[in-house]
Amino acid sequence: MKKLIPQLVLGIESSCDETGIALYHQQDGLLAHALYTQAAMHSEYGGVVPELASRDHVRRALPLIRQTLDQADRQLADLDAIAYTRGPGLAGALLVGTSVACALGYALDIPVLGIHHLEGHLLSPLLADPAPALPFVALLVSGGHTQLMRVDGVGQYTLLGETLDDAAGEAFDKSAKLLGLGYPGGPELAKLAEHGDAARFKLPRPMLHSGDLDFSFSGLKTAVLTLTKQHEMTDSTRADIAAAAQAAIVDVLVGKAQAALKQTGLKQLVIAGGVGANRLLRSQLDAAAVRKGVRVFYPALEFCTDNGAMIAFAGAMRLRQQAPQDGYAFAIKPRWDLQQIG
Amino acid sequence: MRLLALETSTEYCSVALWQDGALTSRCELVGQKHSELLMPMLDSVLREAGVKLGELDGIAFGSGPGSFTGVRIACGVTQGLALGAGLPVVGICTLLALAEAAGQDKVIAALDARMGEIYHAAYAKRDDAWLTVVEPNLCKAEDAPMVTGEGWHGSGSGFAAHENALAVRYAGQLASSDGTAIPQAAAIARLAAPLLVAGAGMDAALAAPFYLRDKVALTTAERLARGATA
């Protein structure tokens, strides 16, 4: 007996400090999405406070679900399935979206499916137009992750390389903190770097020529710390250090992405994750792509950060080829290796 | 009048179905496995009674205080069920649930809040309704708010974790105590039923945990201030 593929999928993302809700339709595409970011609340604490993140998700989830349905002019009864972020992420935060998703699925008597957060990011470029064709190389760069993956299809991911310590976004945030910038520091650092001279200070490019596709960014913040101690922190010096830090991170990301393309022989590179919004990264990747005859794809800026659309979309893609979860009992996976999902 | 009640604020998981005064309930010691057990448990309670979610008049949950994560599981599930089935919700304080289940008329409820503190409240029954004598509060057992008179019953894990301190604090006033008592869905259901009948049920999106402990982190400014005075 052939089962019908669920058409209208509600996506729920709550793995960190953003509540994201979206509606994806198998034929009509993304119908609506809504996002609430808690960044302003956490900025007072200098970073994400997991308990506060969980508390906020509880307040936001239902109003955002209703808002998304309204935007798409759909009713709860129109839903065919619910996809939610099962992990990895903050346990308490994941539980909010998960419990709402599974209970709502039970109440509506529709299937539910837990999605790997990084799979959402990996597939989100496919939401764009034009979308890359499979297979492609994906550079996943965010505050929590720095990975190069080969993507052959939904659920077919091969890890090519990853960071051995800090994530690229973490390197941005930590450098920003050392320069006295607010949280989240990455975008602030990039803004300051626009006024700086990247050539004044030469920072290391860790592992750029290591021969493999792994990264290491923890040494960079030490180098930035040393600079801040060696020099008087005038506005122009801070801008120059910001520019140097950004240039170092971007150089490594671009160099490794190029190496991954060379190693796999693939001609398409997909950028996913929050750092993918960085302008210098985009311009350098584009310039390198022209030289090497490859194509680079970026998700729309709004889908670079965590969002519900990527979860709804990944859920819709998976439900085309696999059964939903059995029943409505839920078990989150705060730590979950992407390689483990098939 | 039919309602479903959920309670996951302690290491127990319980579900109760109230049907015009008749209660069926289930309660299990689950540790931290509420997420895996709550949905199947509520499904089996409804199935065994032959009741569909849509036939209910509302959903009640133990809103806390208690385990932050546990309370959020009951709250999230309540939100999802109520949103999907279009039902009103009622959050019931776990301390009041302890009083309701105690079978006594004067109850000091105390739950172990860890970090050397208890969630505390005191209630007295008048004409079959509970009066709040001491509002729910977070305190050290030795500083627990005073009550007047004798014949009080102590209920909840606070009386196990801080048995001596509370015995001293309420010397001569405590007639009995039960440190093993836990807030359960059956008591939540009994307390929620009249509220739903009275139309006090709320929209699903308003289902909210009652944490009591609200200071969970220091802001950067507070950390600097503490460092400066240290």
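Everything quoted here is computed from the prediction, not taken from an experiment.

Cut-off values and rules
- Residues numbered from 1 in each chain as written.
- Chains lettered and ligands numbered in written order.
- Predicted model: local features only at pLDDT ≥ 70, side-chain atom pairs only at ≥ 80, totals over all residues.
- Heavy atoms only, no water.
- Domains from an automatic or database assignment.
- Contact = heavy atoms within 4.5 Å.
- Buried area = accessible area lost by both parts, 1.4 Å probe.
- Salt bridge = Lys/Arg side-chain N within 4 Å of Asp/Glu carboxyl O.
- Polar contact = N/O pair within 3.5 Å; in protein donor to acceptor, adjacent residues only side chain to side chain.
- Helix = DSSP H or I, 4+ residues; strand = E, 2+ residues; numbered from the N terminus.
- Nonpolar A, V, L, I, M, F, W, Y, C, P; charged D, E, K, R; others polar.
- Axes fitted to C-alpha atoms, helices over the stretch in contact; angles between N-to-C directions.
- Parallel < 35°, antiparallel > 145°, perpendicular 65-115°, else oblique.
- Left-handed = near helix turned anticlockwise from the far one by under 90°.
- Expected span 1.5 Å × (residues − 1).
- Buried < 20%, exposed > 50% of the residue type's maximum accessible area, 1.4 Å probe, protein only.
- Pairing = 2+ DSSP bridges.

## Examining the domain arrangement of chain A
Residues and elements named next belong to chain A.
- Assigned domains within chain A: domain 1 (8–121 + 305–340) and domain 2 (129–298).
- In this structure, domain 1 and domain 2 have C-alpha centres spaced 27 Å apart.
- In this complex, domain 1 contributes 16 residues to the contact, which on the side of domain 2 involves 15 residues.
- Both sides of the domain 1 and domain 2 interface together cover about 1,200 Å² of buried area, and 65% of this is carbon and sulfur.
- Three residues, L118, H121 and Q339, lead the burial of domain 1 against domain 2; their summed loss comes to 36% of the area buried on that side.
- Inspection of the region where domain 1 meets domain 2 yields zero salt bridges.
- One can count two residue pairs in polar contact (both at pLDDT 80 or more) joining domain 1 with domain 2.
- Among the elements of the structure, α1 (39–43), α4 (117–123) and α10 (308–321) are those that each provide at least two residues to the side of domain 1 that touches domain 2.
- Looking at the side of domain 1 that touches domain 2, its residues break down into five nonpolar, eight polar and three charged.

## Some details on the packing of helix α3 (residues 91–108) of chain A against helix α1 (residues 34–49) of chain B
- Packing of α3(A) against α1(B) brings their axes to within 11 Å, and their N-to-C directions diverge by 20°. Classified by the interaxial angle, the pair formed by α3(A) and α1(B) is roughly parallel. Crossing angle aside, the handedness with which α3(A) passes α1(B) is right-handed. Taking contact as the criterion, the partners of L95(A), C102(A), A103(A) and Y106(A) in α3(A) are, on α1(B), S35(B), M39(B), L42(B), D43(B) and L46(B).
- Of the residues contributing to the contact of α3(A) with α1(B), the split by class is seven nonpolar, one polar and one charged.

## So, α10(A)
Residues and elements named next belong to chain A.
- Spanning 14 residues, α10 covers 21 Å between terminal C-alpha atoms, matching the ideal 20 Å at 1.5 Å per step.
- Taken across its 14 residues, α10 has twelve buried, putting it largely inside the fold.
- Taken together, the buried positions of α10 are occupied by G308, A309, M310, I311, A312, F313, A314, G315, A316, M317, R318 and L319.
- Between the side-chain oxygen at the start of α10 and the backbone nitrogen of A309 there is a gap of 3.0 Å, and the oxygen is on N307.

## Brief notes about the sheet that holds strand β10 (residues 295–297) of chain A
All names here are of chain A.
- The strand order β8-β7-β6-β9-β10 describes an open sheet built from five strands, whose pairing is mixed. Both edges of this open sheet fall to β8 (156–162) and β10, since each of them pairs with a single strand only. On average, each strand axis in the sheet is inclined to that of its neighbour by 25°, with strand direction left out of account.
- As paired strands, strand β6 (residues 136–141) and strand β9 (residues 268–272) are joined by four bridges and run parallel to one another. Across the sheet, the residue bridging to V137 is L269, located in β9.
- Across the sheet, helix α8 (residues 235–264) is in contact with β6, β7 (146–153), β8 and β9; its angle to β6 comes to roughly 155°.
- Each of β6, β9 and β10 is contacted by helix α9 (residues 279–292), which is oriented at about 155° to β10, the strand it contacts most.

## A word on the interface of chain B and chain A
- If you look at the interface, chain B gives 35 residues, while chain A gives 30 residues.
- Contact with chain A buries area across many residues of chain B, yet M39(B), R72(B) and L83(B) alone supply 25% of it, more than any other trio.
- The interface formed by chain B and chain A includes three salt bridges.
- Note that R66(A) is salt-bridged to D203(B), the shortest N-O span being 2.7 Å.
- Linking chain B with chain A are eleven residue pairs in polar contact (both at pLDDT 80 or more), by the criterion used here.
- Counting residues per element, the ones that place at least two in the side of chain B that touches chain A are α1, α2 (68–85) and α7 (220–229) of chain B.
- The dominant element in the side of chain B that touches chain A, judged by the number of residues it contributes, is α2(B), at 13 residues.
- Among the residues forming the side of chain B that touches chain A, the class breakdown is 20 nonpolar, eight polar and seven charged.

## With respect to the domain arrangement of chain B
Residues and elements named next belong to chain B.
- Each assigned domain of chain B is listed here: domain 1 (2–94 + 183–206) and domain 2 (103–178).
- Centre-to-centre separation of domain 1 and domain 2, based on C-alpha positions: 25 Å.
- Taken together, the contact between domain 1 and domain 2 spans seven residues of the former and five residues of the latter.
- Note on domain 1 versus domain 2: buried area summed over both sides is about 410 Å², and carbon and sulfur give 80% of it.
- Inspection of the region where domain 1 meets domain 2 yields zero salt bridges.

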